[in-house]
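For reference, the chains in residue letters:
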Amino acid sequence: MDDVRRRVGGRIAAARRGLDAGGSVSVPLPVLRIANGLAMISLMLSSCDLLRLCSDRGRPHRFPLGGREFAAVVCQLASVVYLLGLLGVPAAHRKAPAAASDDEGGGSPRRAARAAADAPATMHAGVEGGDDEEIVAAVVSGALPSHHLESRLGDCRRAARLRREALRRIMGRGVEGLPLDGMDCQAILGQCCEMPVGYVQVPVGVAGPLLLDGRQYHVPMATTEGCLVASVNRGFRAIAASGGAVSVLLRDAMSRAPVVKLPSAKRAAELKSFVEAAANFETLAAVFNRLFANDANLEVASKLSDVNRSSRYGRLQGVQSALAGRNLYMRFTCSTGDAMGMNIVSKGVENVLGYLQNYFPDMDLISLSGNYCSDKKPTAVNWIEGRGKSVVCEATIKGSVVQSVLKTTVQKLVELNIIKNLAGSAVAGALGGFNAHASNIVTALFIATGQDPAQNVESSQCITMLEAENDGDDLHVSVTMPSIEVGTIGGGTCLASQAACLNLLGVRGSNHDSPGANAKLLATIVAGSVLAGELSLLAALAAGQLVKSHMKYNRSSKDVASAPS
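Residues numbered from 1 in each chain as written. Predicted model: local features only at pLDDT ≥ 70, side-chain atom pairs only at ≥ 80, totals over all residues. Heavy atoms only, no water.

Under an unreviewed UniProt entry, the name given to the chain is 3-hydroxy-3-methylglutaryl coenzyme A reductase, and the organism recorded is Dichanthelium oligosanthes. The heading Subcellular location (unreviewed entry) in the UniProt record of the chain holds the text "Endoplasmic reticulum membrane". For the record of the chain, the UniProt heading Sequence similarities (unreviewed entry) holds the text "Belongs to the HMG-CoA reductase family." (UniProt positions renumbered as here; feature names shortened; annotations may be inferred.)

Okay, structure coming up:
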């Protein structure tokens, strides 16, 4: 019932806006109605009289006309001219307000404000022309679904503009604070977002330099949490002052795990043995890799040419299976070049499932993803087996740097890490969360570089280790992150802002000389940044400076003053 009311209300509003488009009327409405009525009566009476005179066979038709005939013709012509003249009223009346204000000595501020308030709603969000008005009215009434605007108009920016206006009319509240100018609407369609109305501005700070594996990087971070960039920057200073950090890439494998049902657990076990048999791996790999045999067959070939070059290197690495009754979960892993790789591995899995159906016709595919992958969820399988890039990053911080830059001692940091990150996380029942705030840094980097922010769930799985060395004088710190899921092509990396951040790091696009190298480097930069963030936050906690630093960088004086007492 509410939907019906909304649609009827939308149609009525659209009709009113169409009537209002003519502007204000200079002739009083009662006078206009009387004149219209007299014209209609005159037209009808004169027409009837002429028809009666013409149908009188005994009355001769002669010229010149008699007085009665002449009066009837004049009344009819006058009525027709008057009524036809009404068609020009909207155009004339649109100019009336401006003329009236000129005649009355110019527009005062109050008159101008009233004129702006009386202006058609079509001008509120830049909706211009009758076509735009009709389209907005159709969206408001429900006659035209909002998601059809792009295909209907063939103009992504215009579609976004009209969608914003329709939203304002439906909800009674606009999105004026949400910017639209500067957004590449064409770039996001079919890749990043549907039914766009604008974009959200997230500040980007740059911390650095990060001295990692002998090279320096300035790291962009998109965040609204004050103190985060400053904290990571302090960690970078401590690492650089101690000779830098070193990273190791342990594994590079994206996974997808479909779930299939068979008639019995025995039959499911037979399929498990088949896919895990070493003798069958080459055959399954050949079927899986069919996607990458030719660039023209790539699923993403129509989106990015860079994907074509790197994703052809995607290759099946292994299959791991798990049984739950008669349901079989098969976890396929493969390399994906510089792409994050979800589409690549999914297409390869579809190829294998089609092949397996020939040998197991009683196999019923329940879902291409059975949550054993596992995507965007904190799981033990990712924590143990890894997903995406598995990276370890370490550094030895000099004792003098711990005191001068981090404002604490080696012994306090080691004790804090054991009690907080290790024991505290165990008490909480953490799954891959044995760290201080790895997710903070991962999310900021993901947003800045066009990664999928939701994948920070598994990408932030991290264990932070701190140990004293050199007779307790220095501090060895490391982070182990088994599931960093990043890519330098595809998804949000195509957007100008995110591409600029990737370019700052030197990892934009695919690496043609060594496919996959850019994505691997980005993963190590993520781990190095997490290492710095962990070190700095733990130091702030050990020194008792956390609240003070957050009050300085994360709370403005204006916010504090305006807070309710």
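Continuing now.
Draft legend 1. The packing of helix 18 (residues 438–449) against helix 21 (residues 517–543), seen in detail. Two numbers describe how helix 18 lies on helix 21: the axes approach to 9 Å, and their chain directions differ by 140°. Taken together, the axis directions place helix 18 and helix 21 in an arrangement best described as oblique. Here the hand of the crossing between helix 18 and helix 21 comes out right-handed. Contacts from A438, I441, V442 and L445 in helix 18 reach I525, V526, S529, V530, G533 and E534 in helix 21. (Axes fitted to C-alpha atoms, helices over the stretch in contact; angles between N-to-C directions. Helix = DSSP H or I, 4+ residues; strand = E, 2+ residues; numbered from the N terminus. Parallel < 35°, antiparallel > 145°, perpendicular 65-115°, else oblique. Left-handed = near helix turned anticlockwise from the far one by under 90°. Contact = heavy atoms within 4.5 Å.)

Draft legend 2. Here's a closer look at helix 10 (residues 228–241). With 14 residues, helix 10 extends 20 Å between its outermost C-alpha atoms, agreeing within 8% with the 20 Å of an ideal straight helix rising 1.5 Å per residue. Buried within helix 10 we find L228, V229, S231, V232, R234, G235, F236, A238 and I239. With its phi angle positive at about 105°, G243 sits one or two positions after the end of helix 10. (Expected span 1.5 Å × (residues − 1). Buried < 20%, exposed > 50% of the residue type's maximum accessible area, 1.4 Å probe, protein only.)

Draft legend 3. Layout of the nonpolar core. Formed by 56 residues in total, the largest nonpolar core has its most connected members in V219, M221, I397, L475 and V530. In terms of residue count, the dominant contributor to this core is helix 21 (13 residues). Look past the residues within four positions of L475 in its chain and what remains in contact with it is A395, T396, I397, V402, V410, L413, V414, L466, E467 and L535. Of all hydrophobic cores here, the second largest spans 26 residues; its members include F274, F288, F360 and M363. (Core = buried A, V, L, I, M, F, W, Y, C linked by side-chain atoms within 4.5 Å.)

Draft legend 4. Expanded view of the environment of G214. Mapping G214 onto the fold places it in the loop between strand 1 (204–212) and strand 2 (215–222). Sequence separation of G214 and A245 is 31 residues, and the distance between their C-alpha atoms is 8.1 Å.

Draft legend 5. Spatial organisation of the pattern of salt bridges. In this structure the tally under the stated criterion is 16 salt bridges. The closest approach of N and O atoms between R168 and E165, which form a salt bridge, is 2.8 Å. In this pair, R168 and E165 both sit in helix 8 (residues 156–171), three residues apart, roughly one turn of the helix. On the accessibility criterion, R168 (17% relative accessible area) is buried. Accessibility expressed as a relative area gives 0% for E165, which makes it buried. Where salt bridges share partners, they join E133, E165, R168 and R169 into one cluster. (Salt bridge = Lys/Arg side-chain N within 4 Å of Asp/Glu carboxyl O.)

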